[in-house]
Amino acid sequence: MLDREFLRNEPEKVRAAAKNKGEPCLIDEWLELDERRRGHLGETELLRRRRNELSKEVSSLKKEGKEAGSQILESKEASTSLSTIDEELTVVDARMKEMELRFPNIPDPDVPVGKDETFNSVIKSSGEIRTYKFKPRAHWELMGEHLDSKSSGMITGSNFILLRGWAAKLQRILINWMMDFHSDAKMEEVWTPFLATRESMTVTGQIPKLESDMYRVEKDDLFLVPTGEVPLTNIYRNSKLLEKDLPIKIFGYSPCFRREAGSYGKDTRGLNRVHQFEKVEMVRMVKPENSEAALEEMADHVGRMLELLDLPYRVSLLATGDLSFAAAKCYDFEVWSAGQDKWLEVSSISNFRDFQARRGNIKFKPSAGGKPEFVHTLNGSGLALPRIMAALIENGQTKSGKIDLPEVLAKRTGTMTLGGLS
RNA sequence: GGAGGACUAGUCUAAUUGGUAAGGCAGCGGAUUUGAAAUCCGCCGGGUUUUUUCCCAUCGGGGUUCGAGUCCCCGGUCCUCCGCCA
């Protein structure tokens, strides 16, 4: 959500941001309502003031045992006209709030302007892309029956993952390793619910825009979380933190549920795009002046993980058209997929500035005194499992179809090699 | 699913049985002090405003009333208990 004062004073920036993000923009209608609202507000304040005065008079007259008939009558009239104006004010204000939930965040100035991902700029590449003396296979070939699509199809329908044997074990070990890695970096480990209320989903920005992409439990009006960002961020909803509490660095595991309505047919093979995947997510709440540094720090942290996993990766600064609704700036991390000959997105790290904090009313009190300010929120995946699995399997493959593991994982599996096509 | 209780500012706690939100703590600024503690003064929910002022604000939404923290209705969250359950 954007500040009302900002909407009022900088409508052209709001318009430009929406255009660059490919979002509709109702700022003109909003400005009109705002003017109406302020007019009504002045009227109601005068009426209330008069009514308060009369009430005091009535009170003191009654204490003296005198009649207050005329005051009561006038106050009654004031109340009547007040409720008429108030009613309209309520309608206008509700409509404005609804619209405010649909203005996208303003991209940072250094974000490339462009309508889609072709405008993203690669800012870093790391690791050597291995060459193979044979034609590398895709992970679904290497996994064979360990990626049991037939069974998952029976259970939930297409595009769900069912892992068996060594593949299931590898995923469990990866999750543990990731959790330990964050924990060692002095973040607080959190285990959250995996369902969230409509309000929680609104704070982080999935609702209203992406509601149809979410799985919903209708009876309770709960949503299956599309990312751990939702529960982790909402921990601090409606809080007034102290400056000394910042920065808050938390992380947690969650399954992520996405209907991805309309996405069928593209990149849906194997582990690439599924309705449920596993992820370890980091969330931060920081002082506004520190959010840019925090974004870089999180990016470094994720880069180190990929280096330890020995996966070649590149980092892109997303262009406006690829940037999510709530984000001001975002880095995407992609790993090289040897078997599919392409890059797979495994992490995105975003700075939301005060956009989510304003929706969720997350403030902090400066130690130097003064009014509470909104915190800046950030989050980043560290990391998303299925594509990391795919990349590890494809990049580590040997001619015989076995998988060589990076050292950090071999320590945990107790073996350097997994799988093998029999 | 059922019963009872609670909800006031960052936090804790008041408010004439309906009369217009009072304090403590924490925090911030200042005075005093060699320094600190203690003490004293000011600030300490939101909006508006030139400090003033005014309006709003007692979990949310309605209602009764000239006037609601207080009475009534609907909903939420937390706590206790019962039931069900891994």
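Residues numbered from 1 in each chain as written. Chains lettered and ligands numbered in written order. Predicted model: local features only at pLDDT ≥ 70, side-chain atom pairs only at ≥ 80, totals over all residues. Heavy atoms only, no water.

(A) Geometry of the overall build of chain A. When helices and strands are counted, chain A shows 13 helices and 16 strands. Here the C-alpha coordinates of chain A stretch approximately 100 × 45 × 40 Å along the principal axes. For chain A, the residues scored as buried account for 50% of the 422 residues in total. Within chain A, residue pairs in contact and separated by at least 24 positions form 73% of the contacts whose partners lie at least 6 positions apart. Across chain A, the mean location of the 63 positive side-chain charges is 3 Å away from that of the 66 negative side-chain charges. (Helix = DSSP H or I, 4+ residues; strand = E, 2+ residues; numbered from the N terminus. Buried < 20%, exposed > 50% of the residue type's maximum accessible area, 1.4 Å probe, protein only. Contact = heavy atoms within 4.5 Å. Lys, Arg positive; Asp, Glu negative; His and termini not counted. Charge placed at Lys NZ, Arg CZ, Asp CG, Glu CD.)

(B) The arrangement of the protein's contact with RNA strand B in detail. In the region of RNA strand B, 19 residues are neighbours, and Arg48, Ser55, Ser75, Lys240 and Ser367 sit closest. Here a phosphate oxygen of RNA strand B sits 3.1 Å away from a polar atom, N or O, in the side chain of Asn52. The separation between a sugar or linking oxygen of RNA strand B and a polar side-chain atom of Lys365 is 3.4 Å. A total of eight residues in the surface near RNA strand B trace back to one element, the largest contributor, which is helix 3 (residues 27–63). Residue classes in the surface near RNA strand B are distributed as four nonpolar, seven polar and eight charged. (Near = heavy atom within 4 Å. Polar contact = N/O pair within 3.5 Å; in protein donor to acceptor, adjacent residues only side chain to side chain. Nonpolar A, V, L, I, M, F, W, Y, C, P; charged D, E, K, R; others polar.)

(C) Local environment of the sheet that holds strand 12 (residues 363–365). Read across the open sheet, the three strands follow the order 6-12-13; overall the sheet is mixed. Edge positions in the sheet fall to strand 6 (240–242) and strand 13 (373–374), since each has one partner strand and no second. Pairing of strand 12 with strand 13 involves two bridges; the strand directions are antiparallel. When the bridges of strand 13 are listed, Lys363 appears paired with Phe374. (Pairing = 2+ DSSP bridges.)

(D) Region of the structure containing the domain arrangement of chain A. Annotation of chain A at the domain level lists domain 1 (4–100) and domain 2 (117–419). If you average the C-alpha positions of domain 1 and of domain 2, the two centres end up 44 Å apart. (Domains from an automatic or database assignment.)

(E) Quick peek at helix 4 (residues 69–100). In this model, helix 4 (32 residues) spans 45 Å end to end at C-alpha, consistent with the 46 Å of a helix rising 1.5 Å per residue. Every buried residue of helix 4 is accounted for by Gln71, Ser75, Ala78, Leu82, Ile85, Leu89, Val92, Asp93, Met96, Met99 and Glu100. (Expected span 1.5 Å × (residues − 1).)

(F) Structural detail: the pairing of strand 14 (residues 376–384). Counting buried positions along strand 14 gives nine out of nine residues, so the element sits mostly inside the fold. With four bridges joining them, strand 11 (residues 342–353) and strand 14 adopt antiparallel strand pairing. Residue pairing across strands places Arg353 opposite Thr377, the latter belonging to strand 14.

(G) Fine view of the packing of helix 2 (residues 11–21) against helix 3. As a packed pair, helix 2 and helix 3 sit with axes 10 Å apart at the nearest point and diverge in direction by 150°. Taken together, helix 2 and helix 3 sit at an angle that is classed as roughly antiparallel. Two packed elements cross with a definite hand, and for helix 2 against helix 3 that hand is right-handed. Facing helix 2, whose interface residues are Pro11, Val14 and Arg15, helix 3 presents Ile27, Asp28 and Leu31. Broken down by class, the residue content of the contact of helix 2 with helix 3 amounts to four nonpolar, no polar and two charged. (Axes fitted to C-alpha atoms, helices over the stretch in contact; angles between N-to-C directions. Parallel < 35°, antiparallel > 145°, perpendicular 65-115°, else oblique. Left-handed = near helix turned anticlockwise from the far one by under 90°.)

(H) Geometry of the sheet that holds strand 8 (residues 276–286). Pairing in this open sheet of eight strands is mixed, and the strands run 1-9-10-11-14-8-7-2 from one edge to the other. Every interior strand has two partners, whereas the edge strands, strand 1 (121–126) and strand 2 (188–190), have only one. Strand-to-strand twist of the sheet, defined as the mean angle between neighbouring strand axes without regard to direction, takes the value 25°. The sheet contact formed by strand 9 (residues 313–317) and strand 10 (residues 329–337) spans five bridges and is antiparallel. Residue Tyr313 lies in a different strand from strand 10, and its bridge partner there is Val335.

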